[in-house]
Amino acid sequence: MTTPVTTSGNGQDRPVILEARNLKKYFPVTRGIVLARVTGYIKAVDGVSFQIRAGETLGIVGESGCGKTTTAKMVLMLEQPTEGSIYYNGQDIYQADEAGRKEYRSSVQAVFQDPWSSLNPRMRVKDLIAEPMVINWQLSKPEIRERVLELLQEVGLSSYHANLYPHEFSGGQRQRLAIARALSLNPKIIVLDEPVSALDVSIRAQIMNLLKDLQSEYNVSYMLIAHHLATVRYMCNWVAVMYLGQVVELAPVKELFDNPLHPYTKALMSAALPSHPDTEQEEIILTGEVPSPLNPPEGCHFHPRCPFVMDQCSHVIPETKEITPNHWVSCHLY
Amino acid sequence: MAEVSTTLSRSRLRFPSWQTIRYVLRRWPVAPIAILIILVIVGVAAPLFAPFDPLRVDLPARNTPPFWVPVETELRTVKQTVDKLSEEDRLNISLRNARKIKEDAAVGDVISVITTPAGSFKHLFGTDQTGRDVLSRVIFGARVSLMVTAVSLTSGVVIGVAMGLIAGYADQIFPKYGKHLDEAIMRVVEITFAVPVILVALVIVIVFGKSFIVLLGLLAFVAWNAFPRNVRAEVLTLKTSDYVALARISGASSFRILFVHIFPGVLNTVLVIATLRVGQLILIEAILSFLGAGVQPPKPAWGAMVADGREYLGSAWWIAFFPGIGIFLVVMSLNFLGDWMRDRFDPRLRQLD
Amino acid sequence: MATANTSEAPVLKVENLRTYFRTRWGEVKAVDGVSFELRKGETLGIVGESGSGKSVTVLSMMRLIPIPPGRIVEGTITLDGEDLLQLSESEMSKVRGSKIALIIQDPMTSLNPVFTIGNQVTEAIRIHQDIPKRSVMEKALEVLRKVNIPAAETRIRDYPHQLSGGMRQRVVGAIGISCQPLVLIADEPTTSLDVTIQAQYLKLLRDLQQESGMSLIFITHDFGIVAKMCDRVAVMYAGKIVEEGSVRDIFNKPSHPYTEALLASVPKMEEDVDRLYAIEGQPPLLHDLPVGCSFADRCPYVMDRCREEYPPEFPVDEGHYSACWRLA
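Residues numbered from 1 in each chain as written. Chains lettered and ligands numbered in written order. Predicted model: local features only at pLDDT ≥ 70, side-chain atom pairs only at ≥ 80, totals over all residues. Heavy atoms only, no water.

Asks: Outline the overall build of chain A, supporting the account with residue identities and numerical values.
Replies: Looking only at helices and strands, chain A features 9 helices and 12 strands. Since a compact globule built from 334 residues should have a radius of gyration of about 20 Å, the 21 Å found for chain A is in line with a globular shape. Looking at the 334 residues of chain A, the share that counts as buried comes to 57%. Put simply, of all contacts in chain A between residues at least 6 apart along the chain, 65% involve residues at least 24 apart. (Helix = DSSP H or I, 4+ residues; strand = E, 2+ residues; numbered from the N terminus. Rg over C-alpha atoms; globule rule 2.2 N^0.38 Å. Buried < 20%, exposed > 50% of the residue type's maximum accessible area, 1.4 Å probe, protein only. Contact = heavy atoms within 4.5 Å.)

This is the structure in C-alpha cells:
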C-alpha cells in the first residue's frame, strides 16, 4: 500500500504525529533444533502504512491473525519490523539514536485487553502507576506521589486506592489503573489493544467515555485495536481494515461506515451483530476461514472468500487507490 | 437475606463453633505447621530442652526402655549348668546366675527373671546401648539435621534459582548467545538428574574423607537441581506476560524487568519446591548417616542413630524408633505443607470456598 | 426468526429456581427465584453480566451444579412433562444430551484432546441412542455434515487440535444436536470466535433450529446476539430476572432501568453517538446484596421504596414483565 499523504477530510487539519510506511514483519518458520533451517515465513504484517494525527484515534479492525496486534507491537517497539519504517514527528524511530528512542518510548504507551494480566499482581497501585515515571523521570518521591494521586483522580479512582494491590479491584477499575499508568508520562500516543472487550457490558461504556474524555483533555492520540465495529465507530476518527497482514481499506470513520467499498469490509459489517432486532442487514456470510499467513493466497489475499471474485484477483495483487478523498481501498473492483 | 446476615454477624462474637474449627483445620495445615514449629524451637534451643548431655555415657543404665514400658520378667528353671547355645536350655538358668537374683535358689526351682528393666521418667525415651539418653540425642539430632539442611538448602536455592533465572532470561540480556546458554544450563541440570546420588556420595566420601563440609557440599548438590527447571518455566511465562510487555514499553531495562517483575513472581514456586526439598534433604542426610557417610558419631544425627539402633532392634527397639519417628514426622509435615502451599499459590487451583 | 405460538404448552418451564452456593463469605444466592417458559421452536435469550446468575441457571437446568458447595434450594424444572429436579442421577444423565443439550463457551476445552472428532461425536450418539455399531459412524458423519464441516469423511479422523476454532465450535455444536434435543442451550457460544466465523455459526444454529424445531436458549451478555437470534429475552441482574418480554418489547420499550441503561450503553454501528450512557458503579457482590432492589445503587430513578423492598414483577404488556417499583 502506498502512503496516503493527505490532509484530514474532517475539515480540521491536525498534524500527523506518527506515520508507518510499508511496515512488514515476517516470522521465520524453522525446522530442526540443533541446525535449524528456515523453511518459510509467516507474513504477519505485509506492507502496512497508516498515519496517526494528534488528538485523533485510528482504529485497526480485523479478525484474529490479520496482523493488527503485530502492527501494534511494532509501534510499541516490542517487535522490530522486518522492513519499513515508523516516523514519529518526522523522525524514523528505528534509525534514531538512544535519546531519540527513549523519547519515543516515553511518548507511546499502551493499554492491553486483559486487565488481569496487565498489572503486576505483586506491586501496589502506587508503584504500578509510578513505574514509568521512576524509570524515565528524575522526580522526588513526594512529587511522584502527588502525580499518582492526581492520575488516580483523573481516571475516577480515589487516593486511598494507591496502597491496594490489583487483585482488590474489579475488572473495570483495573482497566482504569492501566489507563492511569499509561497516562503517567504524558504520552502523545496510547495504543489501546481491545481495551474494553474483557469487561462487563455495563462497564464498557464507562471506560470508553473515560478514554474519550482523556483524549480531549490531553490531546493524546489513540491507536485502537478492536474487532467490534460499533466500538470502533464510537471511538475512532479513522479506521484501517486489515486482512492477512495488509490494510485493505482505510478511511475516515463516517465515510467507512456509510460507504464501505472493499468486499471484506462489507462482509465484516454484515456479520456484525445488529443493535436492534428490526435492523435490516445485508447477509454476506463469508465461506471458509482466514487462510494461514504462512501460505497466503496468490494475488489478492481475500479472493478465495470474496463474493465478487474476478479472474485477475487470483494472480494480480491489487493496488491501493484513493477512490474518494481520504478513502483508500485495495481491490480490483475499483 | 437479612436473616442470614444477622446470624452471621452474631456468630462472630461467639467462641468459634465446631464447624469453624473443622473448617480451619481443613483449610490450613495446622498440624504440620505445629510439628515443624515445635521441632525448630526444640532444635534451636536444644540445650534447654535436653535433660542430659547427649554424649554422656552411663553404662549401668544402658538399654533402659521408654518410661511407659513395665518391667518384663520370665520364669526360668534353675539348673546346675546351662549351655547358652543350646535351644533346650533357653528357658533355664544356671545356679550361679540364679543365686544373684535369689540367694537361696536351688537346682530345680522356678524363679522369675527380669529380662528388661522398667522404664523410668528419668529417661523418657530410654537409653541406648551405652546408656546415653535417647530423648536428648533426638533433640540434639534435630539441631544437627536442621543445620545441615539449612546450610545446604540455602546454597542450593541460591545456585538453583540463579541458574533458572539465567536460563529463562538469557536471551533478553544476551540476544546472541542467550539460547545456547539456556540450552547448556538445562542439559547440565538434566545430567545431574541422572546421577545416582547415594552411590556418588559414598564414592566421594571415600575419596575426600568423612567431613562435615563434604556432607554439606553433597547435600547442596542434591538441593540445587530441582530449582532451575521450574524457575526457568516460570520465567518463560512471566517474560511474555502483559505486565512485562508494559514495563518494556515504559522503558524498563532488562535488569529492572528481571528483578522487579520476574524475580518476585518466581518466589512462590521457589518456596514450594524448597519446602518439598527439605524433606528429601533430611531423608538423604539420614540415609548417608545410616550408611556411615554422613554425620559422624558420636555426634547425634537421626540417620546415624537409626543405623546404631538397627543392631538392637530385637532387644531395644527404642534406640532406632524415636529418631525414625523424628525423620518421619518432619518429612511428612514438610510434604503436607509443600503440597498445601503449591495448591494455595497456584491460582489455577484456587477454589471458591 | 421462529414465530412463538402462544397456544401450545411450553417445552420447558422453570419455576422459582433457587441455587445457592456456600462460600467463605456465607451463602451466595447465585440464582434466586428464577422462572421462565420456553415453547417449541422458540429462542430465548438470557442476558446478564458476569455474576448475574445466567450461567448458574443453565447449569442448574442441566443439573451440573457442583454439590457442595452449590445446592438447588427449591424450584421445579419441567421439561417435556418431567421435573428434572426429581430425577435420579442416572435418569438425569439419560435426559442430558438427549432431551436437553448444552454448548459451552470454550471450544478449546469442551473437546477432549486425546480422542478424534469421530470418537467424540459417536460417543455422544451411542450413549443416548440404541443404534447398531455400524450405523453410528454414518450417523456421526451425517451430524457433522449438518453443521457444515467440509470433508467430514476425513475430518472425522482428526484430533481437536487439528481444527480451527470455528470448526471446533461446530463439532461441539454437532455433539449438542446429535440426539435431536428438545432444548439446546448455548452458553456464550461465540465469544471466542471471530466476527465472520460468528456469523457463520449463528446462521448455522438458526438453520438447524428451523429444520428440527428445537427450542434454543442463548446465554449471553451481548444484546447484538439477542437482537439477531432471539424471540424472547430475560434480563438477569444479581440472581434474578428483572425484565422479561418479547425481543421487540425489550428493545423498543425497555421498562426496567437496568435494561434501559444497558441498551443505551452499547455503541451502535448504524449511527453516530456522541456520548454513550454509562451505568455508574459496579455490579453488586452477590454475598453482600443490598436490602430491596439490587440495582438501586446504580439506578437513576431510585426511590425510597427501592431500598426497602424487592419489587415484584409488574406486567407492562402481554408477556412483558418488569420488576421495578416505577411500574407499581
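Asks: I'd like a description of the pattern of salt bridges, backed by residues and values.
Replies: Following the criterion strictly, the structure yields 38 salt bridges over all chains and no others. Between Glu56 of chain A and Arg14 of chain A there is a salt bridge whose closest N-O contact spans 3.6 Å. Here Glu56 of chain A, found in the loop between strand S2 (37-53) and strand S3 (57-61), pairs with Arg14 of chain A, found in the segment before strand S1 (16-31); they are 42 residues apart in sequence, far enough to count as distant. For Arg18 of chain C, the salt bridge goes to Asp32 of chain C, with nearest N and O atoms at 2.6 Å. Taken as a pair, Arg18 of chain C in strand S1 (residues 12-23) and Asp32 of chain C in strand S2 (residues 26-38) lie far apart in primary sequence, 14 residues in all. The class for Arg18 of chain C is partly exposed, based on a relative accessible area of 21%. The class for Asp32 of chain C is buried, based on a relative accessible area of 9%. Several salt bridges converge on common partners, so that one network encompasses Glu183, Arg187, Glu190 and Arg229 of chain B. (Salt bridge = Lys/Arg side-chain N within 4 Å of Asp/Glu carboxyl O.)

Asks: Describe in detail the packing of aromatic side chains, supporting the description with residues and values.
Replies: Scanning all chains against the criterion turns up 17 aromatic pairs over all chains. Relative to Phe321 of chain B, the ring of Trp317 of chain B lies with its centre 5.5 Å away and its plane at 80°, an arrangement referred to as edge-to-face. The class of Trp317 of chain B is partly exposed, set by a relative accessible area of 30%. A residue is classified by how much of its surface remains accessible, and Phe321 of chain B, at 39% relative accessible area, is partly exposed. Where Phe223 of chain C meets Phe251 of chain C, the ring centres are 5.7 Å apart and the plane angle is 85°; that geometry is what we call edge-to-face. Of this pair, Phe223 of chain C sits in helix H8 (residues 223-229) while Phe251 of chain C sits in helix H9 (residues 247-252); the two residues are 28 residues apart in sequence, bridging distant segments of the chain. (Phe/Tyr/Trp six-rings, centres within 6.5 Å; stacked < 30°, edge-to-face > 60°.)

Asks: So what's going on with the interface of chain A and chain C? Residues and values would help.
Replies: Counting from both sides, the interface comprises 43 residues of chain A and, opposite them, 47 residues of chain C. Taken together, both faces of the contact between chain A and chain C bury some 3,900 Å²; the carbon and sulfur share is 53%. It is Val201, Leu273 and Pro277 of chain A in chain A that bury the most area against chain C; as a group they hold 17% of the surface buried on that side. For the pair chain A and chain C, the interface holds 2 salt bridges. The shortest N-O distance in the salt bridge between Arg275 of chain C and Asp213 of chain A comes to 2.9 Å. At the surface where chain A touches chain C, the tally comes to 10 residue pairs in polar contact (both at pLDDT 80 or more). Among the elements of the structure, helix H6 (201-218), helix H7 (229-235), helix H8 (253-258) and helix H9 (263-271) of chain A are those that each provide at least two residues to the side of chain A that touches chain C. (Buried area = accessible area lost by both parts, 1.4 Å probe. Polar contact = N/O pair within 3.5 Å; in protein donor to acceptor, adjacent residues only side chain to side chain.)

Asks: Break down the nonpolar core for me, citing the residues and quoting the values.
Replies: Counting 70 residues, the largest nonpolar core has Ile179, Val239 and Phe257 of chain A as its most contacted members. Among the elements that line this core, the one with the most residues is H6 of chain A, at 7 residues. Not counting the four nearest positions on each side in its chain, Val239 of chain A is found in contact with Leu58, Gly59, Val61, Val232, Glu249, Leu250, Ala251, Val253, Leu256 and Phe257 of chain A. One finds Leu204, Phe223, Val242 and Cys299 of chain C within the second-largest nonpolar core, a separate group that totals 64 residues. (Core = buried A, V, L, I, M, F, W, Y, C linked by side-chain atoms within 4.5 Å.)

Asks: So, unusual backbone geometry: which residues are in play, and what are the values?
Replies: All names here are of chain C. In this structure, Arg63 is a non-glycine residue whose phi angle is positive, near 55°. Position of Arg63 among the secondary structure elements: in the loop between helix H1 (54-61) and strand S4 (70-79). Given a relative accessible area of 18%, Arg63 falls into the buried group. The backbone of Asp80 sits at a positive phi, close to 55°, despite the residue not being glycine.

Asks: I'd like to hear about the confidence of the model for chain A, residue by residue, with values.
Replies: Across chain A, the average pLDDT comes to 86, with 95% of residues at or above 70. Considering only residues more than four positions removed or in separate chains, one finds that residues 1-11 of chain A, a stretch of pLDDT under 50, has 33 contacts. (pLDDT = per-residue confidence, 0-100.)

Asks: With reference to specific residues and values, describe the sheet that holds S1 of chain A.
Replies: Residue and element names in this part refer to chain A. Within the open sheet, the 4 strands sit side by side as S2-S1-S4-S5. Their pairing is antiparallel. For this open sheet the edge positions go to S2 and strand S5 (91-92), each flanked by a neighbour on one side alone. Note that S1 and strand S4 (residues 83-88) share 5 bridges and pair antiparallel. Looking at the pairing, Leu18 lines up with Tyr88 of S4. On the sheet, helix H1 (residues 68-75) packs against S1, S2 and S4 and is oriented at approximately 70° with respect to S2. (Pairing = 2+ DSSP bridges. Axes fitted to C-alpha atoms, helices over the stretch in contact; angles between N-to-C directions.)

Asks: Please provide a residue-by-residue account of the packing of helix H6 (residues 134-173) of chain B against helix H9 (residues 212-224) of chain B, values included.
Replies: Residues and elements named next belong to chain B. Relative orientation of the contacting elements H6 and H9 amounts to 45°, with a least axis distance of 7 Å. The angle between H6 and H9 falls in the class oblique. In this structure, the crossing between H6 and H9 has a hand that is right-handed. Every residue of H9 that contacts H6 at Met147, Val148, Val151, Ser152, Leu153, Ser155, Gly156, Ile159, Gly160 and Met163 is listed here: Phe212, Leu215, Leu216, Leu219, Ala220, Ala223 and Trp224. Counted by class, the contact of H6 with H9 contains 13 nonpolar, 4 polar and no charged residues. (Parallel < 35°, antiparallel > 145°, perpendicular 65-115°, else oblique. Left-handed = near helix turned anticlockwise from the far one by under 90°. Nonpolar A, V, L, I, M, F, W, Y, C, P; charged D, E, K, R; others polar.)

Asks: Tell me about the pairing of strand S11 (residues 320-324) of chain A, and name the residues and values.
Replies: Residues and elements named next belong to chain A. Bridging between S11 and strand S12 (residues 327-330) involves 4 bridges; their strand directions are antiparallel. Bridged to Lys321 within S12 is Val329. As consecutive antiparallel partners, S11 and S12 are separated by 2 residues, and within that stretch Asn326 has a phi angle of approximately 70°, a positive value.

Asks: Provide a residue-level description of the confidence of the model for chain B, including the pertinent values.
Replies: All names here are of chain B. Averaged over chain B, the pLDDT score is 80; the fraction of residues at 70 or greater is 92%. Across residues 1-12, confidence stays below pLDDT 50; counting only partners more than four residues off in sequence or on other chains, it has 4 contacts. Across residues 348-353, where pLDDT falls below 50, the model places 11 contacts with residues more than four positions away in sequence or in other chains. Our summary of model confidence lists the complex with pTM equal to 0.80 and ipTM equal to 0.84.

Asks: Describe the state of the cysteines, and please don't skip the residues or the numbers.
Replies: Residue and element names in this part refer to chain A. In this structure the tally under the stated criterion is 0 disulfides over all chains. The structure places no disulfide on Cys300, whose sulfur is separated from the nearest cysteine sulfur, that of Cys313, by 6.0 Å. The class for Cys300 is buried, based on a relative accessible area of 12%. (Disulfide = S-S within 2.5 Å.)

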